[in-house]
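Chain and residue survey
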Amino acid sequence: MTWEGPGFVDHHTHLLRVSVGAKGACDYSNPAELAAYHHAIFDDGSTPMDQPPEPATADDLPAAIEAGLAKAAALGLVEITEAGMTDWAHFEALTTLRQRGPLPTRVRILVASGAADLKRMDHTGDEWVDIIGVKFYADGWLGPRTCALRHAFDDRPGEQGLLFLDSSHLAARIEPYAEERWTVATHAIGDRAIEAVLDAYDMVYAGAARAEAPRIEHAQVLHPDLVARMADMGVVICLQPGFAVTDAEAGWEALGDRMASAYRWQLLFDAGVRVIAGSDYPIETLDPLVGLAELVTGGRNGKDKAVAKPIGFDDALAIMTDTWCGATILSDDPHTLDPAQLADLEVVGTHPRAT
Ligand SMILES: [Zn+2]
């Protein structure tokens, strides 16, 4: 018996970059390499979203992207958002592909701050491919201990991570895009970075952020005061279902008692914060059913390791899907399954909205 439900949407992936075979700037699974990369960029006064694009290795970009989008559709996704398009060649390839017909899944693009250009940015008005805004990058990551914290890491006395852009610099860079009403999404993992981004949004939107729905990507080191501000301002949080599971061990070592509120997505729901989700593929799997299982079990691979605080099924499904974007058909009704079995569901098909 199949089940048709709201379509899975991935609000934060790097699928285009991966599809064209562009290598990451470094080995993201190696914390030491990542830390060196972040420090070098910080010393340059730059940010990871302002680096030149890595070259594509695929010969035929439209074909490579079509294959990537087909993979997303096979996993049940009706829409993906590229969270930081570094190379306009990817957009040109999408345009070529689109001229040939419908795409396997809808594509939305946040242009990387280093590639963003108001002269090139335009709404296509096309359901299949559109540019939605700009992605900025405020701090590093937890694993390499480069996210910007208010107080030092528990396991690195004296180190508070790296803030690539303080609130005034961030506000100055956001301003021209906000003025043209492009969506602004900023990577912020540590509490000091989240606070800087909220301060910048206050400067740019002057109390009217809610209508423009600026985003914070990741928002891992949460505190009640930051959550209250997010709710009050109407800022949208884009969380990654896999991160609380992947980072659980490093989180306790790096943050200690701060884990009482870090990665506690329930705090966001309780406060009424607007929440969406994205895989951050290839850092985590692109498979939304795996992400859904991680959110509702707090574990991975069907095993509830109780490493992350789970959230309720309805909240999890709501942030990972969007009825407006289309429908996903599954082999069974996910409501009726043991949460540990969610990732075993089969995707029967998708109907992306394309009027
Ligand atoms: Zn990302």
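Structural data are supplied above this passage.
These figures come from a predicted structure and were not determined experimentally.

Parameters and conventions
Note that residues are indexed from 1 along each chain, following the sequence as it is written. With pLDDT at 70 or above as the cut-off, local features in this predicted model cover only qualifying residues; side-chain atom pairs require 80 or more to be listed or tallied, and sums for whole chains, interfaces and linings still use all residues. Side-chain calculation: all heavy atoms of the structure are included, whereas hydrogens and water are not. Numbering of helices and strands runs from the N terminus, with a helix taken as a DSSP run of H or I at least four residues long and a strand as a DSSP run of E at least two residues long. Note that the radius of gyration is over C-alpha atoms, with the globule rule given as 2.2 Å times the number of residues to the power 0.38. Burial classes: relative accessible area under 20% of the type maximum marks a residue as buried, over 50% as exposed, and values in between as partly exposed (1.4 Å probe, protein chains only). The criterion used for residue contact is that any of the two residues' heavy atoms lie within 4.5 Å. Only the protein chains shown count as cover for residues, and the accessible areas themselves come from Shrake-Rupley with a 1.4 Å probe. Two strands make a pair as long as DSSP finds a minimum of two bridges between them. Here, axes are lines fitted to C-alpha atoms. For helices the fit covers the stretch in contact, and angles between N-to-C directions go from 0 to 180 degrees. Note on angle classes: values under 35 degrees are labelled roughly parallel, values over 145 roughly antiparallel, values of 65 to 115 roughly perpendicular, and the remainder oblique. Each helix crossing is assigned a hand: it is left-handed if the near helix lies turned anticlockwise from the far helix by less than a right angle, otherwise right-handed if that turn is clockwise. Throughout this entry, Asp, Glu, Lys and Arg are counted as charged residues, while Ala, Val, Leu, Ile, Met, Phe, Trp, Tyr, Cys and Pro are counted as nonpolar. The remaining residues, Gly among them, count as polar. Donor atoms: N, O and S within 2.8 Å of the metal, or within 3.2 Å for Na, K and Ca. Because water is excluded, sites can look incomplete. Salt bridges are identified by distance alone: a Lys or Arg side-chain nitrogen within 4 Å of an Asp or Glu carboxyl oxygen. Only four residue types enter the tally: Lys and Arg on the positive side, Asp and Glu on the negative side, with His and both chain ends excluded. N or O atoms closer than or at 3.5 Å make up a polar contact, with two conditions inside protein: a donor-capable atom paired with an acceptor-capable one, and, for residues adjacent in sequence, both atoms drawn from side chains.

Counting its secondary structure elements, the protein chain contains 13 helices and ten strands. The C-alpha atoms of the protein chain give a radius of gyration of 19 Å, which matches the 20 Å a tight globule of 355 residues would have. Along the three orthogonal principal directions, the C-alpha set of the protein chain runs to about 55 × 50 × 40 Å. Counting only residues that meet the buried cut, the protein chain has 57% of its 355 residues in that class. Put simply, of all contacts in the protein chain between residues at least 6 apart along the chain, 74% involve residues at least 24 apart. Carbon together with sulfur atoms contributes 51% to the accessible area of the protein chain, which is approximately 14100 Å² in total.

The strand order across the open sheet formed by ten strands is β8-β7-β6-β5-β4-β3-β2-β1-β9-β10, and the pairing between neighbours is mixed. Whereas interior strands pair on both sides, the edge strands pair on one side only; in this sheet they are β8 (274-277) and β10 (347-352). Strand-to-strand, the axes of this sheet are offset by a mean angle of 30°, without reference to chain direction. Summarising the sheet, strand β3 (residues 106-112) and strand β4 (residues 129-137) pair through six bridges and their orientation is parallel. Residue pairing for β4: A112 is matched across the bridge by K135.

With that out of the way, let us pick up the packing of helix α6 (residues 191-205) against helix α8 (residues 224-233). The N-to-C vectors of α6 and α8 enclose an angle of 25°; their axes lie 11 Å apart at closest approach. Comparing their axes, α8 and α6 come out roughly parallel. For α6 against α8, the interelement crossing comes out left-handed. Facing α6, whose interface residues are D191, I194, E195, L198, D199, Y201 and D202, α8 presents L226, R229, M230 and M233. Partitioned by chemical class, the residues of the contact of α6 with α8 number six nonpolar, no polar and five charged.

Time to look at the coordination of the zinc ion. For the zinc ion, the full set of protein donor atoms is H12 (NE2), H14 (NE2) and D280 (OD), at a range of 2.1 Å. Counting gaps between the donor residues of the zinc ion yields the pattern H-x1-H-x265-D. With H14 in the loop between β1 (3-13) and α1 (15-19) and D280 in the loop between β8 and α12 (288-297), the pair connects residues that are 266 residues apart, well separated along the chain.

Another aspect to go through is the pattern of salt bridges. Tallied over the full model, the rule gives 19 salt bridges. E127 serves as the salt-bridge partner of R353, at 3.4 Å between the closest nitrogen and oxygen. Taken together, the positions of R353 in the segment after β10 and E127 in the loop between β3 and β4 put the pair 226 residues apart, joining distant regions of the chain. Judged by its relative accessible area of 15%, E127 is buried. Of the charged contacts in the structure, one is a salt bridge between E195 and R150, with a shortest N-O distance of 3.2 Å. Taken together, the positions of E195 in helix α6 and R150 in the loop between β4 and α5 (167-179) put the pair 45 residues apart, joining distant regions of the chain. The partly exposed category is assigned to E195, whose relative accessible area is 27%. Ionic contacts of the salt-bridge type, sharing partners, join the residues E79, R106, R108, E127 and R353 into one network.

Topologically, D130 is positioned in strand β4. Buried charge D130 goes without a salt bridge, the closest partner of opposite sign being R108 at 5.4 Å. A distance of 2.7 Å separates a polar atom in the side chain of D130 from the backbone nitrogen of T124. With residues up to four places along the chain from it excluded, the contact list for D130 reads V107, R108, I109, D122, H123, T124 and G125.

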